[in-house]
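# Descriptive structure summary
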Amino acid sequence: MKFYGCPLWPDRHCEFFRWVNEHTDMEENQLKLLEKDTVICELEVELKNRDGKIKKLQSKKAKLEEDLKHMKNEVSEMRIEI
């Protein structure tokens, strides 16, 4: 396995040693925080997309309601003519 050691070894007696894949508590917490930030960003993008879809659907609904109102008026006018 790969490891980090003191760059001054063997000239100076230094006992620094750490495995390359070993993380400190702080590094673990930073990784967890990064993962949480990533999830938050993904959810924000999803929310923004959903809000956009809702606005489009509301606009489409308003147009359809307006079309329905016009059709009802036309039907009423046709009934009066008949």
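Please refer to the structure placed before this passage.
Residues numbered from 1 in each chain as written. Predicted model: local features only at pLDDT ≥ 70, side-chain atom pairs only at ≥ 80, totals over all residues. Heavy atoms only, no water.

## Remarks on the pattern of salt bridges
Under the criterion given, the structure shown has 3 salt bridges. Salt-bridge contacts for E65 lead to K61; the nearest nitrogen and oxygen are separated by 3.8 Å. Here E65 pairs with K61, and both are found in helix α1 (residues 25–81), just 4 residues apart, close to one helical turn. One salt bridge connects K63 with D67, and the closest N-O pair in it is separated by 3.2 Å. Placement of both K63 and D67 in helix α1 is noted, with a separation of 4 residues, approximately one turn of the helix. (Salt bridge = Lys/Arg side-chain N within 4 Å of Asp/Glu carboxyl O. Helix = DSSP H or I, 4+ residues; strand = E, 2+ residues; numbered from the N terminus.)

## Quick look at a nonpolar patch on the surface
Judged by side-chain polarity, M1, F3, F17 and W19 come together as a nonpolar surface patch covering roughly 470 Å² of accessible area. Summarising the element assignment, F17 is placed in strand β2 (residues 17–19). (Patch = residues over 30% accessible without salt bridge, like charges linked within 9 Å, V, L, I, M, F, W, Y side chains within 5 Å. Areas by Shrake-Rupley, 256 points an atom, 1.4 Å probe, with all protein chains shown as cover.)

## Considerations on the environment of F3
Position of F3 relative to the elements: it lies in strand β1 (residues 3–5). Sequence separation between F3 and R18 is 15 residues, and the spatial gap between their C-alpha atoms is 5.6 Å. Residue contacts for F3: discarding those within four places in its chain leaves F17, R18, W19 and V20. (Contact = heavy atoms within 4.5 Å.)

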